[in-house]
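Residue-level listing of the chains:
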Amino acid sequence: MTQLVTSVIEDPIVRTRNLNLYYSGAQALFNISMDFPRNQVTALIGPSGCGKSTLLRCLNRMNDLIIGVTVDGSILLEDIELDDPDLDVVELRRQVGMVFQKSNPFPNTIFENVVYGLRIAGMNNREELRVTCERSLQQAGLWDEVKDRLHESALGLSGGQQQRLCIARAIAINPQVVLMDEPCSALDPRSTARIEDLIAELREQYTIVIVTHNMQQAARVSDYTGFLYEGVLIEFGLTKKIFTKPNEKQTEDYITGRFG
Amino acid sequence: MHSSSSNKLKTKVKRSIWADGDPFIWATGAALTFTLCMTVILMLVVMYNGLGVLWPHQISLFEMEDGSFVAGKIMQWSEIPDGGGERVQLKVGNRDLYSLDFRWVPENDIAEITFPNDAIALERREFGNFYGFLQELSLNDITVPADTEPWEAFLSAWNAAVERTQPIQALSQEVQRLSREMERNRLSRARLEHQGVEADAPKMVNLIEEQSELRAQFDETLAEQNRKTAALRQETAIFADAGGRTREIALVDVVRPYRPNTMSIPAKVGFYASKLWELLSAEPRESNTEGGLFPAIFGTVMLIFLMSILSFPLGVLAAIYLQEYAKEGSMVKAVHIAVNNLAGIPSIVYGIFGLGFFVYGVGGIVDSLFFAERLPTPTFGTGGILWASLTLGLLTVPVVIVATEEALSSVPKGIREASYALGATRLQTLRRTVLPMASPGIMTGFILAMARAAGEVAPLMITGVVKLAPSLPIDGQFPFIHLDRKFMHLGFHIYDVGFQSPNVEAAKPMVYVTTMLLVLIVLIMSSLAIYLRSRMKKRYQMGSM
């Protein structure tokens, strides 16, 4: 099995080493060793079923929820081993937030959606909740649109607004890393553009890992790109380099649209 | 090629009616219509017969060809089965004179029908209604103003007599209180005996002294009550039936005197309202064929309520375990099959299980542990509202489990993941997100369970329902809620009054009224639940997800 670490990243925030993952025996990820740079946007690209979402979900242990998943190898957040049965998964997920493909606001008010993570952590100070809610919505670029209807149902928002609400909800608990699993795939081009702008702003404060099907999007928003194919990390490097002069033939074929 | 296909679209092709599906649509429509019709007809029959019962119908006086007279309320006209014209069914009442309440009169024998203004109907404490005419008052203590019309005089005397029953009722309550005290005393002694305390121990001696004091008080009060009652029963009035046979009736035996032939429409409406109120608030009389249904209404509502308290949390918790925590596998599959099958077991089987397990098993153990001094008289070791509710709860738990599981599994996976991704634990996700979103579906299960429980009679018959319960399961005596007591139930009431009554014909109206009430109660309770559910739905609507 080839081991590929194509770029040397200074001071990465997340590292995986020889990560293998099996769904009830069928291997889905093969020997992934990859460094995720701090305060940068890393895109994971590859054809459907290549394991990019699976890899993403390893980083906050969401795969725990799927029965029959086993992992070996090592995932480190800073220097903490994540693939450890004694790890406090709840705390991990507070450090590594996630935004999903389909926007999934809770059937509750906009305000309650944003402060959900704070409330379950036991914070009930109204003023603090209000301040955090405003800050998160502002960061997510949604504040001006919803500030007058914070106590109305979040389900009344448009699809793009709902997705930005989900981002606000994820950053309200101040994570270090925000994982985004095809956050724009269900949105129209205008909403997509807004979210892409948002990603560019958010990387000042957060490390972002985004899975996308859309090559242009990867090229636009990310600093680094990893290409996965059939569970193997084929190539990883600066986005500019991957999209202009990839080292691997497979990468080039995929990016130029010859398959996938 | 192009033109031929567009031509094909323009000409309407005649397909076989089976391919078009029209007969299928008719069949679906017909099935729905049929179902609705059956339901509507059932409700109309029940309401037509039930609502008219309380109305003060006119009393007709039949003068027969042979010169005799018959009075009563016309029930129905019908053909004489062997031919020879029509006949009329009369409710003649006066069971103490004729021994039968109803009489068929051939139309040909009737010379004339009149509605005399002075015809009187009396609802009585026993022997059913009396139809006839007032002859004279026979008063002892009560005086009525002179020069009043006989009917007015009778009413004023009757009112006075009713007023005089109040001190007697107070005495009767005192008698009941004393008898409870004596029972408590007896139980205290039995408990001491059970503990092995000697008969000459000071505690025991005290109790025995107290008992004899109570006994003396009891005898005295009872004697006074009897004396006063006897005196009051001396106040009577003499009535005559249509044929002139007289009957002396104690004023206190009259529940409600009225002259329907002279009543105006508002008076009749008032009468109807008062009868309706009696129905809802009073105790039954005359082996349940007259009077009110309050104990049965109370029993039914309390039963459903207790059943819900017991079965609802059990079912919801079990469903949460099955859906959220149990690992999928053959065991869980087997449990699912079992739960679904449990919902199909005949209710009488649950009844027998309730009798064997709850009443004799658990009840017997409770009795031997906590009420040993009362044995061999059982306390919890016999049917009671607790055991009946538990049995019904068991019967409805599968319904709740199935509905709750469906509701839980219909909460989108994305919502759960969103919650977990924000650092929520499983319980937090369940409590803050999944359960609120599933609550309308859980409510649906609750409504189904309630409707099923309200309609069950068979399992109750062997776990604690009775024809006539002496006291309600909730009352003013310590400890206020008596879960060991037997209770009355509208469903059982229908069966008992309609099919076990000594006077089935006279009881028929009560069957309709009871049915109507039972349906109404189920309707009210499920409407309430549906209202709650729609509020939950509004709150946790799924929106565009």
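It should be emphasised that the depicted structure is a prediction, and the values quoted were computed from it without experimental measurement.

So, the overall build of chain B
Okay, so step 1: Counting secondary structure elements, chain B contains 16 helices and 12 strands.
Okay, so step 2: Since a compact globule built from 545 residues should have a radius of gyration of about 24 Å, the 32 Å found for chain B marks it as more spread out than a globular shape.
Okay, so step 3: For chain B, the C-alpha atoms occupy an extent of roughly 105 × 90 × 40 Å along the three principal directions.
Okay, so step 4: Classification of the 545 residues of chain B by burial places 43% in the buried group.

Looking at the overall build of chain A
Okay, so step 1: A count of helices and strands for chain A gives 10 helices and 10 strands.
Okay, so step 2: Rg of the C-alpha trace for chain A: 18 Å, near the compact-globule value of 18 Å for 260 residues, within the 12% margin.
Okay, so step 3: Scored against the burial criterion, the 260 residues of chain A give a buried share of 57%.
Okay, so step 4: Summarising the internal contacts of chain A: among those between residues at least 6 apart in sequence, 68% fall at separations of at least 24.
Okay, so step 5: On chain A, roughly 11,200 Å² of surface is accessible, and the fraction owed to carbon and sulfur atoms is 47%.

Focus: the side chain of B:Asn129
All names here are of chain B.
Okay, so step 1: Here Asn-129 lies in the loop between strand 6 (120-124) and strand 7 (130-138).
Okay, so step 2: One polar contact links Asn-129 to Tyr-131, side chain to side chain, over a distance of 3.3 Å.
Okay, so step 3: In this view, Asn-129 contacts Lys-91, Gly-93, Asn-94, Leu-122, Glu-123 and Arg-124; residues no more than four positions away in its chain are not counted.

Remarks on the interface of chain B and chain A
Okay, so step 1: At the junction of the two partners, chain B supplies 23 residues and chain A supplies 25 residues.
Okay, so step 2: Taking both sides of the interface into account, the surface hidden between chain B and chain A amounts to around 2,000 Å²; carbon and sulfur atoms contribute 64%.
Okay, so step 3: Contact with chain A buries area across many residues of chain B, yet B:Glu417, B:Ala421 and B:Leu422 alone supply 31% of it, more than any other trio.
Okay, so step 4: In this assembly, chain B and chain A are joined by one salt bridge.
Okay, so step 5: With a shortest N-O distance of 2.7 Å, B:Glu417 and A:Arg57 are connected by a salt bridge.
Okay, so step 6: Inspection of the region where chain B meets chain A yields five residue pairs in polar contact (both at pLDDT 80 or more).

Some details on the sheet that holds strand 5 (residues 110-114) of chain B
Backbone-to-backbone hydrogen bonds pair the strands of a sheet. The strands run either parallel or antiparallel.
Residues and elements named next belong to chain B.
Okay, so step 1: Here we have five strands laid out as an open sheet, ordered 4-3-2-1-5, and antiparallel in their pairing. Each having just a single partner strand, strand 4 (102-106) and strand 5 make up the two edges of the open sheet. On average, adjacent strands in this sheet sit at an angle of 45 degrees to one another, irrespective of strand direction.
Okay, so step 2: Bridge count for strand 1 (residues 60-64) against strand 2 (residues 69-79) is four bridges, and the pairing is antiparallel. Note on strand 2: the bridge partner recorded for Phe-62 is Val-70.

A word on the sheet that holds strand 10 (residues 254-258) of chain B
All names here are of chain B.
Okay, so step 1: The strand order across the open sheet formed by five strands is 9-8-7-6-10, and the pairing between neighbours is antiparallel. Strands at the two margins of the open sheet, each flanked by one partner only, are strand 9 (246-250) and strand 10. For this sheet, the mean angle separating the axes of adjacent strands, direction not counted, is 45 degrees.
Okay, so step 2: Judged from the four bridges that link them, strand 6 and strand 10 form a sheet pairing that is antiparallel. Looking at the pairing, Leu-122 lines up with Pro-257 of strand 10.
Okay, so step 3: Each of strand 6, strand 7, strand 8 (236-240) and strand 10 is contacted by helix 5 (residues 150-194), which is oriented at about 155 degrees to strand 10, the strand it contacts most.
Okay, so step 4: Sheet strands touched by helix 7 (residues 265-281): strand 6 and strand 10. Its angle to strand 10, the strand with the most contacts, is close to 165 degrees.

Quick notes on the packing of aromatic side chains
All names here are of chain B.
Okay, so step 1: Counted under the stated rule, the structure contains 18 aromatic pairs over all chains.
Okay, so step 2: Members of the aromatic cluster, each reached through a chain of ring pairs, are Phe-353, Phe-357, Phe-358, Phe-371, Phe-380 and Trp-387.
Okay, so step 3: Over the face of the ring belonging to Trp-104 we find Arg-87, whose NZ or CZ atom lies 3.7 Å from the ring centre.

Focus on the nonpolar core
Okay, so step 1: If you look at the biggest cluster of nonpolar residues, it comprises 102 residues, and the most contacted ones within it are A:Leu137 and A:Met180.
Okay, so step 2: Looking at this core, the element that brings in the most residues is helix 3 (residues 110-120) of chain A, giving seven residues.
Okay, so step 3: When sequence neighbours within four positions are dropped, the list of residues in contact with A:Leu137 reads A:Ile110, A:Val114, A:Leu142, A:Trp143, A:Val146, A:Leu150, A:Leu165 and A:Ala168.
Okay, so step 4: Counting 39 residues, the second largest nonpolar core, distinct from the first, contains B:Met302, B:Leu392, B:Met525 and B:Ala529.

Structural notes on the confidence of the model for chain A
Caution applies to low-pLDDT parts of the model: their predicted coordinates are not meant to be read in detail.
Okay, so step 1: Mean pLDDT over chain A works out to 88, with 96% of the residues at or above the 70 mark.
Okay, so step 2: This stretch, residues 1-6 of chain A, has a pLDDT under 50; its non-local contacts, to residues over four places away or in other chains, come to 11 contacts.

Some thoughts on the state of the cysteines
Residue and element names in this part refer to chain A.
Okay, so step 1: This structure, assessed with the given rule, holds zero disulfides over all chains.
Okay, so step 2: Cysteine Cys-50 remains unbridged, with the sulfur of Cys-58 as its closest cysteine sulfur at 13 Å.
Okay, so step 3: In this structure Cys-133 is a free cysteine whose sulfur lies 14 Å from that of Cys-166, the closest cysteine sulfur available.

Some points on helix 12 (residues 413-421) of chain B
Residue and element names in this part refer to chain B.
Okay, so step 1: A large share of helix 12 lies buried, amounting to seven of its nine residues.
Okay, so step 2: When helix 12 is considered as a whole, its buried residues turn out to be Ile-415, Arg-416, Glu-417, Ala-418, Ser-419, Tyr-420 and Ala-421.
Okay, so step 3: At the C-terminal side of helix 12, Gly-423 shows a positive phi close to 90 degrees.

Comments concerning the pattern of salt bridges
Okay, so step 1: Inspection of the entire model under this criterion finds 33 salt bridges over all chains.
Okay, so step 2: Among the ionic contacts, a cluster of salt bridges with common partners joins B:Glu123, B:Arg256, B:Lys275, B:Glu278 and B:Arg285.

Observations regarding the packing of helix 3 of chain A against helix 6 (residues 159-171) of chain A
Residue and element names in this part refer to chain A.
Okay, so step 1: Packing of helix 3 against helix 6 brings their axes to within 6 Å, and their N-to-C directions diverge by 35 degrees. Helix 3 and helix 6 meet at a crossing whose hand is right-handed. Two secondary-structure elements touch here, helix 3 through Ile-110, Asn-113 and Val-114 and helix 6 through Leu-165, Ala-168 and Arg-169.

Considerations on the environment of B:Tyr325
Residue and element names in this part refer to chain B.
Okay, so step 1: Secondary-structure assignment places Tyr-325 in helix 8 (residues 294-325).
Okay, so step 2: A C-alpha to C-alpha distance of 9.4 Å links Tyr-325 and Arg-426, two positions 101 residues apart in sequence.
Okay, so step 3: Apart from residues no more than four positions distant in its own chain, Tyr-325 is found in contact with Ile-320, Arg-426, Leu-427 and Leu-430.

Describing unusual backbone geometry
Okay, so step 1: Despite not being glycine, A:Arg61 shows a phi value in the positive range, around 60 degrees.
Okay, so step 2: Relative to the helices and strands, A:Arg61 resides in the loop between helix 1 (52-58) and strand 4 (69-77).
Okay, so step 3: Residues other than glycine seldom take positive phi values, yet B:Asn94 does so here, at roughly 50 degrees.
Okay, so step 4: Tracing the sequence through the fold places B:Asn94 in the loop between strand 3 (86-91) and helix 4 (95-98).

Considerations on helix 7 of chain B
Residue and element names in this part refer to chain B.
Okay, so step 1: For helix 7, which comprises 17 residues, the first-to-last C-alpha distance of 24 Å matches the rise-based estimate of 24 Å (1.5 Å per residue) to within 8%.
Okay, so step 2: All of the buried residues in helix 7 are Lys-268, Phe-271, Tyr-272, Lys-275, Glu-278 and Leu-279. In an axial view of helix 7, the angular spread of the buried residues amounts to 120 degrees, which keeps them on one side of the axis. Looking at helix 7, the residues exposed on the side facing more than 90 degrees away from the buried face are Pro-266 and Trp-277.

Overview of a nonpolar patch on the surface
Residue and element names in this part refer to chain B.
Okay, so step 1: A grouping of Ile-474, Phe-478, Phe-480 and Ile-481 is seen on the molecular surface, where their side chains present a nonpolar patch of about 440 Å² in accessible area.
Okay, so step 2: Looking at the secondary structure, you find Phe-480 in the loop between helix 14 (458-461) and helix 15 (490-499).
Okay, so step 3: The exposure class assigned to Phe-480 is partly exposed, which follows from its relative accessible area of 42%.

Details of the side chain of A:Thr207
Residues and elements named next belong to chain A.
Okay, so step 1: Residue placement: Thr-207 occurs in strand 8 (residues 207-211).
Okay, so step 2: Residue class for Thr-207 comes out buried when judged on its relative accessible area of 1%.
Okay, so step 3: The contact partners of Thr-207, leaving out residues within four places of it in the chain, are Ile-13, Pro-37, Arg-38, Asn-39, Gln-40, Gln-176, Val-177 and Val-178.

Reading the values: rules and limits
Residues numbered from 1 in each chain as written. Chains lettered and ligands numbered in written order. Predicted model: local features only at pLDDT ≥ 70, side-chain atom pairs only at ≥ 80, totals over all residues. Heavy atoms only, no water. Helix = DSSP H or I, 4+ residues; strand = E, 2+ residues; numbered from the N terminus. Rg over C-alpha atoms; globule rule 2.2 N^0.38 Å. Buried < 20%, exposed > 50% of the residue type's maximum accessible area, 1.4 Å probe, protein only. Contact = heavy atoms within 4.5 Å. Areas by Shrake-Rupley, 256 points an atom, 1.4 Å probe, with all protein chains shown as cover. Polar contact = N/O pair within 3.5 Å; in protein donor to acceptor, adjacent residues only side chain to side chain. Buried area = accessible area lost by both parts, 1.4 Å probe. Salt bridge = Lys/Arg side-chain N within 4 Å of Asp/Glu carboxyl O. Pairing = 2+ DSSP bridges. Axes fitted to C-alpha atoms, helices over the stretch in contact; angles between N-to-C directions. Phe/Tyr/Trp six-rings, centres within 6.5 Å; stacked < 30°, edge-to-face > 60°. Lys NZ or Arg CZ within 6 Å of the ring centre and 35° of its normal. Core = buried A, V, L, I, M, F, W, Y, C linked by side-chain atoms within 4.5 Å. pLDDT = per-residue confidence, 0-100. Disulfide = S-S within 2.5 Å. Left-handed = near helix turned anticlockwise from the far one by under 90°. Expected span 1.5 Å × (residues − 1). Arc of directions from axis to C-beta. Patch = residues over 30% accessible without salt bridge, like charges linked within 9 Å, V, L, I, M, F, W, Y side chains within 5 Å.

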